[in-house]
Amino acid sequence: MPILREVLQQTHRSLESLDIPDARLEAEVVVMNVLRMPRHEIFVQQEREITPQQEKDISGIVDRRRQREPLAYIFGYKEFYGINIAVTPDVLIPRPETEAMVEHALFMALMGMETPQLVIADVGTGAGAIAINLAIHLPAAHIYALDNSEAALKVAAYNVQSHNVADRITLCYGDLLEALNQLTDSAEPPVMLDLIVANLPYIPSQRIPTLQPEVQREPKAALDGGEDGMEVISRLFSQAGKHLKETGMILLELDPDQVPAARELADKYFPEAETSVEQDLSHLDRFFIVNRGPAEE
Ligand SMILES: C[S@@+](CC[C@H](N)C(=O)[O-])C[C@H]1O[C@@H](n2cnc3c(N)ncnc32)[C@H](O)[C@@H]1O
């Protein structure tokens, strides 16, 4: 039977020959998952024998990578902000840069808001990664997790259940914030929010075919932001006034090039609000913040 060191080297070589970026790291992740061992054990147990079944499983994964299936879809989960989020091809795979969005949202919620009983909407929740982390770290908050993909909401429902936050996350189907309208009678006041967080599709349509093949396996509706990438975000601005409290804030993820367009939208819909921009881990302007105003004394 082959030993771990040989299988790791072979997996690395196979992935490298497929031009997979970070082939060495990916080979380690594949071996770790199949052998169900933490990363450091791979190096400690280099001489361990690999069973024929394990070898077959590893080569099955390499075959799927040959078709450019993303690793997260193959394993069925992605680690995000310290928890595992189940993913299927019905949802976008949560990105590391979006973890910084969770950080900003938590900071805004803990420092900028008057009450811990916050009401938050995660618009375009996908697998629910942002909403679930906010629910975990803000135990008094209630989060509305909204999406216009029923298939994505099913994945989000699974994740919400498995992280035990179903009592504080309401999943709603619909177009952006209009999803909230089904929760209230037309005679009742609308759901009012302290914070809107949204990582909506923001890639310009013409750029989609140029994205790497793995990204093209993700739902187009999760990526395609229309001609200038701002179509969905722009509609969110047009709906937000109805649901955002006078002291509320919006936190958006976008492309650095879209910051001026986001500023124009903020000026149009919230002329009295303060805006600011935060950077992601690569020091790119990635998060746009609208602050409607501090609470009155
Ligand atoms: C870029 S993905 C983000 C998923 C998740 N929030 C994350 O950060 O990993 C965008 C999500 O917005 C959803 N979406 C796109 N258009 C929408 C709309 N008009 N109303 C509600 N959700 C929408 C997509 O279905 C997708 O789940």
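Refer to the structure presented above.
The model shown is predicted, which means the values in this text are computed figures rather than measured ones. Note that residues are indexed from 1 along each chain, following the sequence as it is written. The predicted origin of the model limits local features to residues at a pLDDT of at least 70 and limits the giving and counting of side-chain atom pairs to 80 or more, whereas totals for whole chains, interfaces and linings rest on all residues. In computing side-chain properties, one takes all heavy atoms of the structure into account and sets aside hydrogens as well as water.

Draft legend 1. Quick look at the overall build of the protein chain. For the protein chain, the count of helices and strands is 12 helices and nine strands. In this description the radius of gyration comes from C-alpha coordinates, and the expected globular size is given by 2.2 Å times residues to the power 0.38. Here the C-alpha radius of gyration of the protein chain, 21 Å, is about what a compact globule of 297 residues would show, namely 19 Å. For this analysis, residues touch if any pair of their heavy atoms sits within 4.5 Å. Within the protein chain, contacts between residues at least 6 apart in sequence are counted, and of these 64% link residues at least 24 apart. In these tables, accessible area is a Shrake-Rupley quantity obtained with a 1.4 Å probe, and a residue counts as shielded only by the protein chains included in the view. Per element, the accessible surface of the protein chain, about 14600 Å² overall, is 50% carbon and sulfur. Under this rule, positive means Lys or Arg and negative means Asp or Glu; His and the chain ends count for nothing. Working definition for charges: the position is that of NZ of Lys, CZ of Arg, CG of Asp or CD of Glu. Positive and negative side-chain charges of the protein chain, numbering 25 and 47 respectively, have mean locations separated by a distance of 8 Å. The helix and strand labels rest on DSSP assignments: H or I over at least four residues marks a helix, E over at least two residues marks a strand, and numbering proceeds from the N terminus.

Draft legend 2. The arrangement of the site of the ligand in detail. Around the ligand there are 19 residues in total, and Gly124, Asp147, Asp175, Leu176 and Asn199 lie nearest to it. Between the ligand and Asn148, the relevant distance is 3.2 Å, taken from a nitrogen atom to a main-chain nitrogen or oxygen of the residue. Burial of the ligand by the surrounding chains reaches 95%, relative to a free accessible area of 600 Å². Put simply, Ala, Val, Leu, Ile, Met, Phe, Trp, Tyr, Cys and Pro go in the nonpolar bin, Asp, Glu, Lys and Arg in the charged bin, and everything else, Gly too, in the polar bin. Across the shell around the ligand, the residue classes tally to eight nonpolar, eight polar and three charged. Near, as used in this document, describes a residue that has one of its heavy atoms within 4 Å of the molecule or strand being considered. Counted as a polar contact is a pair of N or O atoms within 3.5 Å, where, for protein atoms, one must be capable of donating a hydrogen and the other of accepting one, and residues adjacent in sequence contribute only when both atoms are in side chains.

Draft legend 3. Molecular detail of the sheet that holds strand β8 (residues 274–279). Ordered in space as β5-β4-β3-β6-β7-β9-β8, the seven strands form an open sheet in which the pairing is mixed. The open sheet is flanked by β5 (169–173) and β8, the only strands paired with a single partner. In this sheet, adjacent strand axes meet at a mean angle of 15° when their direction is disregarded. Note on pairing: DSSP must find at least two bridges between two strands before they are called paired. Alignment of strand β7 (residues 244–253) against strand β9 (residues 285–291), held across five bridges, turns out to be antiparallel. Each residue of the ladder has a partner; that of Ile250, found in β9, is Val290. Of the strands in this sheet, β4 (142–147) and β5 are in contact with helix α8 (residues 150–162), which crosses β5 at around 170°. Lines fitted to C-alpha atoms define the axes, with helix axes restricted to the stretch in contact, and inter-axis angles between N-to-C directions lie between 0 and 180 degrees. Taken strand by strand, helix α12 (residues 259–269) contacts β8 and β9, and its axis lies near 10° from that of β9.

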